[in-house]
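Overview (structure and organization)
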Amino acid sequence: MTKKTIIINGLDNVAVALVDLKKGETHEGVTLCEDITKGHKFALKDIKPGEQIIKYGNPIARATAEIKKGAHVHTHNVKTNLSENLEYTYDKIPTPLKKVEARTVNVYHRANGEVGIRNELWIIPTVGCVNGQAKLILDTFKQRYGTEGFDGVFTYTHPYGCSQLGDDHERTKLILQKMVRHPNAGGVLVLGLGCENNQMSAFRETLGKVDESRVKFMVCQEEDDEIESGVALLKQIADVIKKDKREAKDISCLKVGLKCGGSDGLSGITANPLVGRFSDYIVAAGGTTVLSEVPEMFGAEQLLMNRAKDEATFEKVVKLINEFKNYFRRNGQTVYENPSPGNKAGGITTLEDKSLGCTQKSGAGPVEDVVFDDGYVTAKGLNLLNGPGNDMCAVTNLAAAGCHLVLFTTGRGTPFGGFVPTVKIATNNDLAAKKANWIDFNAGAVLDTDFDTQLEKLIDLVVEIANGKQTKNEINQTKEIAIFKTGVTL
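Residues numbered from 1 in each chain as written. Predicted model: local features only at pLDDT ≥ 70, side-chain atom pairs only at ≥ 80, totals over all residues. Heavy atoms only, no water.

1. Side note on helix α7 (residues 311-330)
Look at α7: 28 Å from first C-alpha to last across 20 residues, which is about the 28 Å you get at 1.5 Å a residue. Every buried residue of α7 is listed here: Thr313, Phe314, Val317, Val318, Leu320, Ile321, Asn322, Phe324, Lys325 and Phe328. Elements in contact with the buried residues of α7: α6 (301-305), β19 (367-371) and β20 (381-385). At the N-terminal end of α7, a side-chain oxygen is found 3.3 Å from the backbone nitrogen of alanine 312, two or three residues along, and the residue is aspartate 310. (Helix = DSSP H or I, 4+ residues; strand = E, 2+ residues; numbered from the N terminus. Expected span 1.5 Å × (residues − 1). Buried < 20%, exposed > 50% of the residue type's maximum accessible area, 1.4 Å probe, protein only. Contact = heavy atoms within 4.5 Å. Polar contact = N/O pair within 3.5 Å; in protein donor to acceptor, adjacent residues only side chain to side chain.)

2. Digging into helix α2 (residues 166-180)
Counted at 1.5 Å a residue, the expected span for α2 with its 15 residues is 21 Å, and the 22 Å between its end C-alpha atoms agrees. Of all 15 residues that make up α2, eleven are buried, and the element is covered over most of its length. For α2, every residue scored as buried is listed here: Asp168, His169, Arg171, Thr172, Lys173, Ile175, Leu176, Gln177, Lys178, Met179 and Val180. Buried-residue contacts for α2 involve β12 (120-125), β14 (185-192), α3 (200-207), β15 (215-219) and α10 (391-400).

3. Some remarks on the pattern of salt bridges
On inspection of all chains with the given rule, the structure shows 26 salt bridges. Residues glutamate 66 and lysine 68 are paired through a salt bridge, measuring 3.2 Å at the closest nitrogen-oxygen approach. Here glutamate 66 falls in the exposed class, since its relative accessible area comes to 53%. With a closest N to O distance of 2.8 Å, lysine 316 and aspartate 369 form a salt bridge. Of this pair, lysine 316 sits in helix α7 while aspartate 369 sits in strand β19, placing them 53 residues apart in sequence. For lysine 316, a relative accessible area of 34% corresponds to the partly exposed category. Bridged by salt links that share partners, the residues Arg110, Asp211, Arg214 and Asp244 form one connected network. (Salt bridge = Lys/Arg side-chain N within 4 Å of Asp/Glu carboxyl O.)

4. Here's the deal with empty space enclosed by the protein
Summed over the entire model, instances satisfying the criterion amount to two cavities of 30 Å³ or more. As for the largest cavity, its lining consists of 13 residues, and the residues nearest its centre are Arg171, Ile175, Lys178, Asp373 and Asn397. Per element, the largest residue contribution to the lining of the largest cavity is four residues, and it comes from α2. Its residues assigned to classes, the lining of the largest cavity shows seven nonpolar, three polar and three charged. Taken as a whole, the second largest cavity holds about 40 Å³ of empty space. (1 Å grid on protein atoms, 1.4 Å probe; cavity = no way out; pocket = protein on both sides within 12 Å on 5 of 7 lines; lining within 4 Å. Points joined across faces, edges and corners; volume = space filled by probe spheres on them. Nonpolar A, V, L, I, M, F, W, Y, C, P; charged D, E, K, R; others polar.)

Below you can see the structure in the form of structure tokens.
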């Protein structure tokens, strides 16, 4: 018999519908006062105005009206508890992880000691003005030479690189430079125009040392025929990267990004806790995971802070949270207004509701480090990364910080993918069946089996993807970037 409801934590005063429920039905010892849509909550007891709504064992809101036992609990009768800045304290909690058996993956070893799980050829425009040229170069190269011997050729277009000022310009340059150095790229053609703010000379000066047989630079205004010149440079790079071969290495070499998008009421029940268990596995095996989406930590940040490995890391987490709140305020926006219409339709009521579900992707291990805009992930274990919750920006940030792939949980479904393999994990069976062309893994199956069974399957899938199996976004060639923009455009 299919399970129809769940009480996530024994302290909760709400239950969640796992299927559509009808008025008059009895579930969890409660007779429903109204229909309850899948993913939404109903009260397990009478709740008075001002009383806390408890889910995941923590407050997610307070009642704004009397809520009868069996009634729908959502945006119409509750309100967030969040406010502006809070006072945080460090109350360290134990974060032991059990020993695990590490798996082996087959990866590309890079000269700088990094590894890649893809051996791709990339064209990276420094400015949006040459997006069309990048596509023509790519198409001409593929028609003339194909992609046999490496994992494909791609261009990552964007509208930036000119008329940006200050930190905004620097952010664009830094993200593109990180992409040039990403180990999933066997080689890169960096393509400029010539008159843009993001000048090639300045770009190269701060890029650092690169293998010039694998990274080439071209300024279109300096070429008589930029298409032919670009194709010739790609051919030179391709001839080099075709010699690269996969070699066996311990799974601890992987850096895995953790992301959710289009959440529903099951996100914090199925997919996110499953990914959290995967994070604990990788960390226990000596690997690295990275949690971003800072606004979706609001309401659950103290729980993350208490998992900081030491006082210095706790202070970094406080800085991460407060600086993002200040970003909201500088732009005149409410700090705690986050759940999208799709999130709310799926049963997410407040930012605390979303955040307590979202942060489950981080598992139970210690927070080892916090990475800000100009940094890379270097610490083994769980890292927190600065950045917004927007799907495209967050996946781009995670990949630019060094992640080889991203586990992306979703209750609503999305075809999007970043410039690294983006593994779509459905929260429910219906989505997995309906959008099989988007979804790589069905975490809804944990309700029919158990977490241990599905964790082993997810580990198997990640190993297969690291070894070269394409994700759905790769098969569909939905590989895009979005640069988080915070400043002024001329």
